[in-house]
Amino acid sequence: MNDTWMMILVLTLMVPIVFISTIIPFLTRRIESFGVTVPEAAQQDADIKGLRNQFIWVNGGAGVLLTASLLIFSRGTTDDKSWSILLMAHVFGYLILSFMMYLKNHYAVKRLKSVKGWNTESVQRVVVSTKFRNAKLTLSNFWFIPHVLLILATVLIGVLYYDQFPSQIAMKYGMDGEVTRSVEKSYMSVMWPGIVQAFLLIVFLFSNYAIGLSKQIVEGSDPEGSLARNIKFRRIWSGYLIFTGFAVMALLALFPIGQLQEWGINGTMIATFSIVGVITISSIILSFVTGQGGSRLKHASDNQSQTVPTQDLDQYWKMGQIYFNPKDPAIFVEKRFGIGWTLNFGNKLGWLFIIVIIGLAVLLPFIVE
């Protein structure tokens with residue numbers, strides 16, 4: 001891998017991570033700040049604004065410095081193992097630093113909440129919409145039919161053109177572009193992309209189901225508006241999930257085609273970066289457009305007076321990131337800091353879901369082998 005590809009890889013990894021993690025405080029719900037429930041009016045509080053601005057400068061600045069460091073140390077590096085260690089040290093180092101900065105602000109908001117009486121400012125109320133579950137929360141799973149057809153096409157390529165594949169199937173490339181690991185041709189080594197596609201299809205189908213199943217959050221100050229925004233939010237991200245699933249499967253389908261056409265490392269890298277780039281950029285755009293739970297989407301009720309806070313569940317959110325509530329039957333809940341959903345770790349079915357996914361992910365490489 002030459003220095004140009006190295007630079008592209010570093011920027012492709014680091015820039016989205018740094019950018020998204022830095023702007024998250026501006027994408028969360030209006031009733032939350034750094035994982036803490038607050039009144040919507042608190043978003044305009046000078047102290048809260050100060051914490052957000054501080055997070056941007058420190059988190060973003062650290063990300064820029066670490067990205068520059070990785071670019072500098074990556075130049076001229078030819079040893080795969082050394083570069084992998086260098087990459088992981090920078091990526092995980094940044095993520096740890098970012099989380100520590102978040103944690104500092106999380107506890108700062110909790111102290112502000114106590115000092116300013118935001119938890120007792122007015123009577124809290126729980127609002128439940130009986131119409132929510134009757135609404136169409138996600139796109140139909142019939143939209144995954146093209147994914148199934150793509151899997152079949154990938155398998156057919158392996159079967160119909162089996163004799164045209166090289167006797168050694170490249171499985172890994174080194175930084176110099178040379179094949180560092182290959183296996184003898186077999187139906188399994190030729191059709192492994194189809195197996196991975198089938199596994200991913202199961203994951204994407206379940207994820208789409210989880211979007212519709214996740215716990216509803218109706219803001220007590222604007223029940224109608226928050227409900228409408230959340231429904232639209234789920235549909236949009238359900239559509240993105242379907243799009244992403246197809247894009248990833250299309251990328252996997254290109255591997256056997258690349259073997260047949262002898263694309264080499266350059267062709268594979270171009271296809272990979274192109275598809276990953278589209279997926280990443282579109283996710284950033286959608287995050288800006290929707291916000292968490294649809295908080296940035298427009299609704300007719302946006303101009304109405306909003307003074308009543310929503311139910312406070314801070315005691316069930318560990319560090320504002322991990323939801324642990326054995327009394328809550330919900331398996332999936334919205335993240336408090338970020339875009340998307342997380343598990344209720346107090347629900348045994350949530351742990352079962354984790355075990356199944358990890359188990360399948362661990363078994364998959366052995367199946368492919």
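Above: the structure in question.
Let me begin by describing the structure that accompanies this report. Keep in mind that this is a model prediction, so the values were computed, not measured. (Residues numbered from 1 in each chain as written. Predicted model: local features only at pLDDT ≥ 70, side-chain atom pairs only at ≥ 80, totals over all residues. Heavy atoms only, no water.)

1. Comments concerning the pattern of salt bridges
Here is step 1: Inspection of the entire model under this criterion finds 7 salt bridges.
Here is step 2: When the shortest N-O distance is used, the salt bridge between Arg29 and Glu334 registers 2.8 Å. Taken as a pair, Arg29 in the loop between α1 (3–23) and β1 (32–33) and Glu334 in strand β7 (residues 332–334) lie far apart in primary sequence, 305 residues in all. For the residue pair Arg29 and Glu334, the accessibility class agrees, reading buried in each case. (Salt bridge = Lys/Arg side-chain N within 4 Å of Asp/Glu carboxyl O. Helix = DSSP H or I, 4+ residues; strand = E, 2+ residues; numbered from the N terminus. Buried < 20%, exposed > 50% of the residue type's maximum accessible area, 1.4 Å probe, protein only.)

2. Overview of the side chain of Ser33
Here is step 1: Here Ser33 is to be found in strand β1.
Here is step 2: Residue Ser33 is classed as buried on the basis of its relative accessible area of 4%.
Here is step 3: When residues no more than four places from it in sequence are discounted, the contact partners of Ser33 are Val38, Gln43, Ile48 and Val109. (Contact = heavy atoms within 4.5 Å.)

3. Notes on the nonpolar core
Here is step 1: If you look at the biggest cluster of nonpolar residues, it comprises 16 residues, and the most contacted ones within it are Phe34 and Val109.
Here is step 2: Secondary structure elements with two or more residues in this core: α2 (46–74) and α3 (80–115).
Here is step 3: In terms of residue count, the dominant contributor to this core is α3 (6 residues).
Here is step 4: What Phe34 contacts, discounting residues up to four positions off in sequence, is Pro25, Leu51, Arg52, Phe55, Tyr102, Asn105, His106, Val109 and Phe337.
Here is step 5: Of all hydrophobic cores here, the second largest spans 15 residues; its members include Ile151, Phe199, Leu241 and Ile242. (Core = buried A, V, L, I, M, F, W, Y, C linked by side-chain atoms within 4.5 Å.)

4. A look at the packing of aromatic side chains
Here is step 1: For the structure on display, the rule yields 19 aromatic pairs.
Here is step 2: Between Phe206 and Phe332, the aromatic rings sit 6.0 Å apart at their centres with planes inclined by 65 degrees, giving edge-to-face as the arrangement. Of this pair, Phe206 sits in helix α5 (residues 187–213) while Phe332 sits in strand β7, and the two are 126 residues apart along the sequence.
Here is step 3: Given the relative accessible area of 32%, Phe206 is considered partly exposed.
Here is step 4: Relative to Phe353, the ring of Phe206 lies with its centre 4.8 Å away and its plane at 20 degrees, an arrangement referred to as stacked. With Phe206 in helix α5 and Phe353 in helix α8 (residues 348–368), this residue pair connects regions lying 147 residues apart in the sequence.
Here is step 5: Here a set of aromatic residues connected by ring pairs shows up, and it is made of Phe34, Phe55, Phe99, Tyr102 and Phe337.
Here is step 6: Lying across the ring of Tyr162, Lys185 places its NZ or CZ 4.8 Å from the centre. (Phe/Tyr/Trp six-rings, centres within 6.5 Å; stacked < 30°, edge-to-face > 60°. Lys NZ or Arg CZ within 6 Å of the ring centre and 35° of its normal.)

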